[in-house]
Amino acid sequence: MRARTARTLYGALAIVIALVWVFPVYWMFNSSLLPNVRLQSFVPTFVPFGGSFDNFAAALADGEFYAALGMSVSITLIAVLFCIIFAFLGAVAISRFRFRGRKTFVIAVLVVQMLPAEGLFIAQYKMVASAHLLDSVIGVSIIYIAAVVPFTIWMLRGFVAGVPADLEEAAMVDGLSRFGAFMRITFPLLAPGLVASGVYAFLQAWNEFTVALVLLPSESAQTLPLWLRGFVQASATRATDWGQVMAASTLVAVPVIVFFLIVQGRLTSGLVSGAVKG
Amino acid sequence: MTATVDRRRSNRAPYLLLIPAVGILLVGMGYPLIWQVVTSLQEYGLKQQFGQPAPFVLFDNYIELATNPQFWTVVAKSIAFCLVTAIITLAIGVLFALLMNAVSRVPRIILQVALLLAWSMPVVAAMTVWIWLFDRRRGAVNYLLDMIPGVDMNRFNWLEAPTTFFIVASVIVIWMSVPFVAFSSFAGLTQVSDEVLEAAALDGADGRQRFFGIILPMIKPVIAIVFLLQIIWDLRVFTQITMLQDAGSKSSEFDLLGTYIYKLGTKSQDFGMASAVSILVLAITILLSWFYIRSLLKEDEK
């Protein structure tokens, strides 16, 4: 009896915490749908007042939005595509072969994965500037691929190793070439891993702020996070239209939230799997 | 593994497969890293930006840093910010994991969905919301705090003084990081077998004893790694500080290591000094990461 009361109390506590934690996300959606008059009030509107999409219309009417969207989409697509290919090849190398230098490569991958953008961006700026690639899609994409490939190799390595090599060999005994066996047997089994790493690369490239800030100094070559930041910057000098900012944030966040929910489980286990399995 | 089969095959195959990955890493990370090491040993200021050769000054940049009180202030602030934030994040995350473990299915799923939504928010979008929440005049935070009897938070400017500025930054970082800690710890907790806990309960161990005697030792490896990652991540907070400075003030009192390097590079155009600080940040990161990397390597060898 006491145990059950405690369980109920804990359940109530969990729900209260959930509400507190989700509040900023809720607030973004809520404010994005409120007309500016309500947001100007000194009493916040906590319960959804109504579905006015004016803020979205205003955010979308900003010409820079489409330029930023184009920039973000191009960079993200390039980063995801090359990242998957490079990481896939690398993952096959380290999980299917034992070769000299393998351990060095694995350690290098793990070390590079930990390096913060904030510790390299000055040098990356200088390099990209001297290659005349500032404000270009290519400059940022190169850095993004390099930043995301290590973790993606690590993630895919597990998937490649999870496909038993015996299966491949059996197919080879049945007359397929090694390449054929790989394409027909291993590749389809790897699809979930490739999707997961693609989404990981997408999230990284789509959300990235620091490198973009440094490598895209011109206002005409912004990614969506930089465009969004512009709103906040403007707020320091003039009255902010928070409804519009929240609509803009919603536009940037929604694709991320959707994709993130798809792969969340794999990302967590990828980061701490060694520790969880003991 | 099928090492025997593979060894008979061409020995070049793995190397060929690694070419693209190694190539992009050398271009995107390797070259900048080497350039940065070299530049940190040079005088590389405004004149060099305009084409003058950069003279080698050996460790002058590092010595200048070591004798610069402003640098030490930034380092101290960054470490304090990072430790406080990481410890609070860890404590809240583990408590949430225990809570998830203690409640029935429905409240657990509600809590998990809420944490996932917070976790999935892009950092820049999250920052705009939090800046709006902490808005001086119309923000929900001041409004709610003001309702507490005896508290006057009307038009309180959180971003005006460094202390409250960093409290806000810490709250935001904690909000974003707790879900990862909670889910990882929860994954660790599910490995703790119920039979062991029941046996301990039958033997008269109370809740606290079970937590410190059984649960904690069993999830210690997860917690250690999660804590390490939090420290590494919190040491390099840049987006959050930059955007809070956008909304507040860009004065140097509000700098942590990331924004300090950024300003050295962009404002003062002193790439020599900026590189030296960057190298220090990288060195600290690699030192801290070593345990994490070792644990991952152990997994690789399985």
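Residues numbered from 1 in each chain as written. Chains lettered and ligands numbered in written order. Predicted model: local features only at pLDDT ≥ 70, side-chain atom pairs only at ≥ 80, totals over all residues.

Draft legend 1. A look at the overall build of chain B. Across its full length, chain B carries 14 helices and 0 strands. Written out in order from the N terminus, the α and β elements of chain B read α-α-α-α-α-α-α-α-α-α-α-α-α-α. Over its C-alpha trace chain B gives a radius of gyration of 24 Å, far above what one expects of a compact globule, namely 19 Å for 302 residues. Dimensions of chain B, computed from C-alpha atoms along their principal axes, come out at roughly 75 × 75 × 30 Å. When the 302 residues of chain B are sorted by exposure, 43% land in the buried category. (Helix = DSSP H or I, 4+ residues; strand = E, 2+ residues; numbered from the N terminus. Rg over C-alpha atoms; globule rule 2.2 N^0.38 Å. Buried ≥ 20, exposed ≤ 12 C-beta atoms within 10 Å, placed from the backbone.)

Draft legend 2. Structural detail: the domain arrangement of chain A. Residue and element names in this part refer to chain A. According to the domain assignment, chain A consists of domain 1 (2–40) and domain 2 (58–277). Relative to domain 2, the C-alpha centre of domain 1 lies at a distance of 32 Å. In this complex, domain 1 contributes 8 residues to the contact, which on the side of domain 2 involves 7 residues. Sorting the residues of the side of domain 1 that touches domain 2 by element identifies α1 (2–33) and α2 (36–40) as the ones contributing at least two each. With 4 residues, α1 is the single largest residue contributor to the side of domain 1 that touches domain 2. Taken together, the residues of the side of domain 1 that touches domain 2 break down into 5 nonpolar, 3 polar and no charged. (Domains from an automatic or database assignment. Contact = placed C-beta atoms within 7 Å. Nonpolar A, V, L, I, M, F, W, Y, C, P; charged D, E, K, R; others polar.)

Draft legend 3. Representation of the interface of chain B and chain A within the structure. Across the boundary between the two partners, chain B contributes 89 residues, which contact 85 residues of chain A. A class-by-class count of the residues in the side of chain B that touches chain A yields 62 nonpolar, 18 polar and 9 charged.

Draft legend 4. Examining helix α12 (residues 239–247) of chain B more closely. Across the 9 residues of α12(B), 9 count as buried, placing the element largely inside the fold. Buried within α12(B) we find B:T239, B:Q240, B:I241, B:T242, B:M243, B:L244, B:Q245, B:D246 and B:A247.

Draft legend 5. Spotlight on the confidence of the model for chain A. All names here are of chain A. Put simply, chain A has an average pLDDT of 86, and 92% of its residues get 70 or more. Confidence scores differ between elements of chain A, with α2 showing the lowest mean pLDDT of 73 and helix α10 (residues 210–215) the highest of 95. With pLDDT under 50 throughout, residues 274–278 is counted as low confidence; its partners more than four residues away or in other chains account for 14 contacts. (pLDDT = per-residue confidence, 0-100.)

Draft legend 6. Here's a closer look at the environment of A:N36. All names here are of chain A. Note on placement: N36 falls in helix α2. N36 sits in the partly exposed class, given 15 other C-beta atoms within 10 Å. For N36 and Q244, which are 208 residues apart along the polypeptide, the C-alpha to C-alpha distance reads 8.5 Å. Discounting chain neighbours no more than four positions away, the residues touching N36 are D241 and G243.

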